[in-house]
Amino acid sequence: MATTSRRPVLTRAKVIVPVLLVLALVIALFAVFTRLYTDLLFYRSVDFSKVFTTVIYTRILLFLIFGAVMAVVIGTNIVLGYRFRPQLRPLSTEQQNLERYRSAIEPYMKLILLGIAAVFGLAAGLSASGRWRTWLLWVNGESFGTTDAQFHRDISYYTFTYPFQRFLLGFLLTAVLLSLLVTVLTHYLFGGIRLQTPGERVTPAAKAHISVLLGLLALLKAWAYYLDRFGAVFSSRGVGTGASYTDVHAVLPAKLILLFISLACAVLFIYNIFQRGWTLPLLGAGILVLSSVVIGGIYPAFIQQFQVRPNEATREQPYIDRNIAATRTAYGIQNVKPQPYEARTDVTAPQVAADTGTVPNIRLLDPSKLSRTFQQLQQIRGYYTFGKTLDVDRYTVTGADKKKTTRDYVVSVRELNQAGLGADQRNWINEHLTYTHGKGFVAAPSNTVDAGQPDFDKGERNLPQEGDLGVKENRVYFGELSPNYSVVGTRQVEIDGPGPGADTQATTTYTGDGGVSIGSTLRQALFALRFGEKNLLLSGDITKNSRILYERNPRERVSKAAPWLTLDGDPYPAVVNGRITWILDGYTTSDGYPYSARRTLGDVTADSVTAQSGNRTRQAANQVNYIRNSVKATVDAYNGTVTLYAWDESDPVLRTWMKAFPDTVKPKRDISPSLREHLRYPEDLFKVQRDLIGRYHVSDPRDFYSQEDFWEVSDSPDGSGQPQPPFYVYSQLPGRSGPSYNLTSPLISARSSKLAAYMAVSSDPANYGQFTLLKLPPGNTINGPVQVQNAIEANADVVNKLTLWRGAGSQTIEGNLLTLPVAGGLLYVEPYYVQARGSTGYPTLQGIATAFGERIGFGTSLGEALDKVFGPGAGAAAAGAGSGATTITGGSQGGTQGGGGSGAAPRGTSGLRDAVNDADSAYKAGQDALRKNPPDFTAYGQAQTDLANALGRLRTLASPPTTPPAASPSPGGSAAPTPRGTAAAGSAPPTPTTSQAAAAPTISPPQQPRAAPAAG
């Protein structure tokens, strides 16, 4: 009965298990099909289907070729091992135990053979398909037209052919080793190898089979030694990268000797087929191992220790020279030559005032610190937001005097932030059909402020869009912060920001051709499966005209369209022909340039901004020793259109990829003038180049060996422990006839923290990519950025201000510490922002620090800070920059307050007490206004105005009587205070003394938005 009852169970199991396996396979295949088909739809939507098909076909080809080869090789060796089995096996305990396994396996031998071969073939094919880039570079490789210094082969051999040869060698070695493994196991299982049976341990057939495989292994090892010789050009044994003295005079001859020994061993393995025993194979293997240790290891070490080390500078000189030349060429810095720069410290006020190319354009707004300010003043609605790190770009505008002026702006786009929706608004329709896009381009001149805030009136602002930059289409459907997917063209209207009324919403319907049509039931089902959302299939709001927008991040879109590019970590928006356009820089890279130094992109491009930024992508940890900014890419923010332009058309790596993916990259001549105006030198490339220039500005091999004149990137002054980032500034470099848009960075001595050089590269269309490398005199004592930051915050004038600002109600935020060539010297400028604590506080510019040599100046305006360093009149060129704190003008006994308060204020105790009480009342009134539901922003704005007035009176009361200017800097390191009657326009009175500052209460500075944001 028990046996009878088990039969239905076993029968059902035999039926259910295959059905479940087939069902699982169908589900897996359908999931793969869904992903591939929806990806194909994306590629078609951006007109890059050739990229998709080329990659897919190449991967399939590699999968089939290498998978089939591996399966055939493994299967053939198993078949040979089975056929060469002895017909008669001696009786022994070992063979009796194996007989049970043979009896179980032999009835299913074909299935087992096919299964094992399929598994190995599948693994090999999948692994090989991932090497499609290596294959395409090898098949389409273009010549560099330059040969290496050791073997005189074209560089293309090392960048395109050599990597494929190494891959092929690795595949063949793996195939032979796996074949050897399965061959030994097969012969052992079927009696060809007998470990515990008396008599002959290995049959002649098994011995011949194994000997042939060992011979093939030795031949492949000979090929490996041959390729190792060319790999010497990447050696790190010497002072620089590339074949060193030891490599050339010891390693290369050793590899050649080992190559012939491997060939001799292969002959011994094959000859062993006709000999008894294993003497010859063991002898050959022993010789090969011993030779590799002695010839390949000990001999080069002996040469390095006893011939090179005692005379290393002389021995390595020609190879260091190769490394210098190759590195400079591979990283595109071969034409960067240091030029001496005196870096004067005796500059006068008139000389600074006369520097109208740099001083008026000094950047006061730090794009990495003012996202919250943009958020508070230009958010407009709670469902909009700005990136954590803003961007910098330049525009040429026509002023009221009809003259065209170029200046740089801090820019951003108002992107969609669905986290700003209320809890009752969070549903599928709102998140994917209604709130679909951001809206608006926001820009403020980087060199001016208005009462400490960005001067949006001189840029782009508000909704509806206002400004002079020519924005015509300002909807952002494709951005860095866009949702995963949105469906547009549905029966639901899309929210489009504030309407014409105070409490109304504007609506719109997408009319562009971005995204993919989702009108059919099949596509709705496929996308429902891809995004795991059944509503895509069930929703009645989706019509035949609906489109789904996905892959919306500009960087991700370009990465899919050009998977062969390495993209810069910072896409930036620009207004091009009236449309918001994302601009990205694409790099072609290689790690196969002979003698060039290697760098890890993820490490060398990291800095204090990338560490804290939420919208800048850190590079992967892949090593490169060749890089070119070969492609400029754009993504239209409304349609998502991806366009690639060849920028460095001479780059052989780019030419190779364009050959592999024809008609995907447009020629450089197709770049429109309006786009070219906004192309800038990319940050990540600049970071790599400045790291290399720190060493490779030294062209003499002996000087390079001594490392005495090496430079390095300074740590960021913010104490993060990360390198200081480079800065885009609009400035006039020495020897130039006018200002230009430059990416800049100071470099310090590797032996000390003193400034050693100043590096800049132009982004102007007329001289794009032109480097300026100013080398300071040897032994100079100009402080580096970290030392300057410490000196600023140790200055008595600065300490008094910061003590007042860093109270319980506010905090200070240090902006970027810029280094600028001014009037033949080097000027440091650092803005200081103050932010009220709490969710509504945001940074406003309240002070500016300047440093020149040992002199420190600090003021509420750039002009005042310059006057304190250089004397009266130095800041005249910066008069239009505006001021941070509430300004005061007039005589020494008080004056009219810029905040709109009354006239002169008494200096008595009662006046001080009244000012403190008024400030306290205004602050409380502002907080009460914010606590209302909804917040009363009108009352809040009035309270902030009252607070500004009170603080202005407080500063007047706390100011000491003025004294005539000193002829020389004060002992504290800063110039003496300028008389208020002669201070630059818009400057504030001198800072209170320590005792007066201690007596004054700590109150937040004015935080008055000029346009109160509407409630979300």
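What you see is a predicted model, and the numbers here were worked out from it, not measured in a lab.

Here is what the cut-offs are and how they apply
- Residues numbered from 1 in each chain as written.
- Predicted model: local features only at pLDDT ≥ 70, side-chain atom pairs only at ≥ 80, totals over all residues.
- Heavy atoms only, no water.
- 1 Å grid on protein atoms, 1.4 Å probe; cavity = no way out; pocket = protein on both sides within 12 Å on 5 of 7 lines; lining within 4 Å.
- Points joined across faces, edges and corners; volume = space filled by probe spheres on them.
- Helix = DSSP H or I, 4+ residues; strand = E, 2+ residues; numbered from the N terminus.
- Nonpolar A, V, L, I, M, F, W, Y, C, P; charged D, E, K, R; others polar.
- Pairing = 2+ DSSP bridges.
- Contact = heavy atoms within 4.5 Å.
- Axes fitted to C-alpha atoms, helices over the stretch in contact; angles between N-to-C directions.
- Phe/Tyr/Trp six-rings, centres within 6.5 Å; stacked < 30°, edge-to-face > 60°.
- Buried < 20%, exposed > 50% of the residue type's maximum accessible area, 1.4 Å probe, protein only.
- Lys NZ or Arg CZ within 6 Å of the ring centre and 35° of its normal.
- Polar contact = N/O pair within 3.5 Å; in protein donor to acceptor, adjacent residues only side chain to side chain.
- pLDDT = per-residue confidence, 0-100.
- Core = buried A, V, L, I, M, F, W, Y, C linked by side-chain atoms within 4.5 Å.
- Salt bridge = Lys/Arg side-chain N within 4 Å of Asp/Glu carboxyl O.
- Parallel < 35°, antiparallel > 145°, perpendicular 65-115°, else oblique.
- Left-handed = near helix turned anticlockwise from the far one by under 90°.

A.B. asks: Break down the layout of surface pockets for me, with residues and values.
C.D. replies: Its boundaries defined by the atoms lining it, the largest pocket holds a volume of some 780 Å³. Lining the largest pocket are 32 residues, with Arg133, Thr566, Thr589, Ser590 and Asn622 positioned closest to its centre. Per-element tally for the lining of the largest pocket: the top contributor is helix H6 (residues 155-189), with five residues. Broken down by class, the residue content of the lining of the largest pocket amounts to 14 nonpolar, 12 polar and six charged. If you go around the second largest pocket, you meet 20 residues; those closest to its centre are Gly332, Arg628, Asp648, Tyr681 and Gly769. At the level of elements, strand S23 (626-636) and helix H22 (683-696) are the ones that each hand at least two residues to the lining of the second largest pocket.

A.B. asks: I'd like a rundown of empty space enclosed by the protein, residues and numbers included.
C.D. replies: Enumeration over the complete set of coordinates arrives at seven cavities of 30 Å³ or more. By volume, the largest cavity is sized at about 150 Å³. For the largest cavity, the lining is made up of 18 residues, of which Arg363, Pro367, Arg616, Pro726 and Phe727 are closest to its centre. Within the lining of the largest cavity, the residues separate by chemical class into eight nonpolar, three polar and seven charged.

A.B. asks: I'd like a rundown of the sheet that holds strand S17 (residues 547-550), residues and numbers included.
C.D. replies: Pairing is antiparallel across the open sheet formed by three strands, whose spatial order is S13-S17-S16. Every interior strand has two partners, whereas the edge strands, strand S13 (485-488) and strand S16 (516-517), have only one. In this sheet, S17 lies alongside S13 in antiparallel orientation, the contact comprising four bridges. The residue of S17 that forms the bridge with Ser486 is Leu549. Each of S13, S16 and S17 touches helix H15 (residues 521-531); the most contacted strand, S17, lies at about 25° to it.

A.B. asks: Account for the packing of aromatic side chains, with residues named and values stated.
C.D. replies: Tallying each qualifying case throughout the model produces 48 aromatic pairs. Ring geometry for Phe30 versus Phe33: centroids 6.3 Å apart, planes at 35°, classification tilted. One end of the pair is Phe30 and the other is Phe33, both in helix H1 (residues 2-45) and three residues apart, which spans about a single turn. Classification of Phe33 by relative accessible area gives partly exposed; the value is 42%. An aromatic cluster is built from Phe42, Tyr43, Phe52, Tyr485, Phe527, Phe531 and Tyr550, whose rings are joined through pairwise contacts. When the ring centre of Trp647 is taken as origin, the NZ or CZ atom of Lys632, which lies over that ring, is 5.4 Å away. Its guanidinium or amino end placed over the ring of Tyr572, Arg680 lies 3.8 Å from that ring's centre, counting from NZ or CZ.

A.B. asks: Any chance you could break down helix H20 (residues 652-660) for me, citing the residues and the numbers?
C.D. replies: Of the residues making up H20, those classed as buried are Pro652, Val653, Leu654, Thr656, Trp657 and Ala660. Considering only its buried residues, H20 is in contact with helix H2 (49-83), helix H5 (132-140), H6, strand S20 (579-590), S23 and strand S24 (642-646). The residue sitting at the N-terminus of H20 and contributing the capping side-chain oxygen is Asp651; that oxygen lies 3.2 Å from the backbone nitrogen of Val653.

A.B. asks: Which residues make up the side chain of Asn629, and what are the values?
C.D. replies: Along the polypeptide, Asn629 turns up in strand S23. A polar side-chain atom of Asn629 sits 3.2 Å from the main-chain carbonyl oxygen of Gly586. Of note is the side chain of Asn629, whose polar atom sits 3.1 Å from the side chain of Lys632. When residues no more than four places from it in sequence are discounted, the contact partners of Asn629 are Asp585, Gly586, Tyr587, Trp647, Asp648, Pro682, Leu685 and Tyr768.

A.B. asks: Got a sec to walk through unusual backbone geometry? Specific residues and values, please.
C.D. replies: Of note, the bond from Leu463 into Pro464 is cis; its omega dihedral lies within 30 degrees of zero at 0°. With respect to the helices and strands, the residue Pro464 is situated in the loop between strand S10 (460-461) and strand S11 (466-467). The phi angle at Ala343 is positive, at roughly 55°, despite the residue not being glycine. By secondary structure assignment, the location of Ala343 is in the loop between strand S1 (338-340) and helix H12 (349-353). The phi angle at Asn577 is positive, at roughly 55°, despite the residue not being glycine. Mapped onto the secondary structure, Asn577 falls in the loop between strand S19 (572-576) and S20.

A.B. asks: A description of the confidence of the model for the protein should follow, citing residues and the corresponding values.
C.D. replies: Per-residue confidence for the protein averages 86 on the pLDDT scale, and 86% of its residues sit at or above 70. Counted against residues more than four places away or in other chains, residues 885-910, with its pLDDT under 50, gives 52 contacts.

A.B. asks: Explain the nonpolar core residue by residue, including any values.
C.D. replies: Where a protein is soluble and globular, its nonpolar side chains tend to be buried together. Core analysis: the biggest nonpolar cluster contains 149 residues, and Phe441, Leu536 and Ile548 have the highest contact counts within it. When near neighbours in sequence (up to four residues on either side) are disregarded, Leu536 contacts Trp428, Tyr485, Val487, Ile518, Gln524, Phe527, Ala528, Phe531, Ile542 and Ile548. Core analysis: the second largest hydrophobic core is formed by 64 residues, Leu818, Tyr833, Ile848 and Phe858 among them.

A.B. asks: Describe in detail the pattern of salt bridges, supporting the description with residues and values.
C.D. replies: Two side chains bearing opposite charge may form a pair once their charged atoms approach each other closely. Taken as a whole and assessed by the stated rule, the structure comprises 36 salt bridges. For Asp39, the salt bridge identified is with Arg35, shortest N-O distance 3.9 Å. Here Asp39 and its partner Arg35 are both found in helix H1, four residues apart, which amounts to about one turn of the helix. The class of Asp39 is buried, set by a relative accessible area of 10%. Looking at Arg35, the relative accessible area reads 43%, which means it is partly exposed. Put simply, Arg530 and Asp39 hold a salt bridge, and the shortest N to O gap is 3.0 Å. Placement of the pair is Arg530 in helix H15 and Asp39 in helix H1, with a sequence separation of 491 residues. A single network of salt bridges, built from pairs that share partners, joins Arg35, Asp39, Arg530, Glu551 and Lys560.

A.B. asks: Which residues make up the pairing of strand S28 (residues 755-762), and what values go with them?
C.D. replies: Counting buried residues in S28 gives eight out of eight residues, a clear majority hidden from the surface. Bridging between strand S27 (residues 740-749) and S28 involves seven bridges; their strand directions are antiparallel. The partner of Leu743 across the bridge, within S28, is Val761. In textbook terms, the turn of a hairpin is the stretch between consecutive antiparallel strands, and for S27 and S28 this stretch comprises five residues. With five bridges connecting them, S28 and strand S29 (residues 771-775) associate as antiparallel partners. Of the residues in S29, the one forming a bridge with Tyr758 is Leu774.

A.B. asks: Explain helix H17 (residues 554-561) to me, and be specific about the residues and the numbers.
C.D. replies: Since the α-helix advances by 3.6 residues per turn, residues separated by three or four positions end up pointing in the same direction. The buried fraction of H17 is high, at six of eight residues. Within the sequence span of H17, burial applies to Pro554, Arg555, Arg557, Val558, Lys560 and Ala561.

A.B. asks: Before we move on, could you go through the environment of Gln305 and cite the residues and values that matter?
C.D. replies: Mapped onto the secondary structure, Gln305 falls in helix H9 (residues 279-308). The spacing of Gln305 and Thr246 is 59 residues in sequence and 9.6 Å in space, taken between C-alpha atoms.

A.B. asks: Pulling in residues and values, what's your account of the packing of H2 against H6?
C.D. replies: Angle between the axes and distance between the axes: these two values describe a pair of packed helices. H6 packs onto H2 with a crossing angle of 25° between their chain directions and a minimal axis gap of 9 Å. It follows from the interaxial angle that H2 and H6 lie roughly parallel. The handedness of the crossing between H2 and H6 is right-handed. Across from Phe66, Val69, Met70, Val73, Ile74, Asn77, Ile78, Gly81 and Tyr82 in H2, the residues of H6 making contact are Phe167, Leu168, Phe171, Thr174, Ala175, Leu178, Ser179, Val182, Thr183, Thr186 and His187. Of the residues contributing to the contact of H2 with H6, the split by class is 13 nonpolar, seven polar and no charged.

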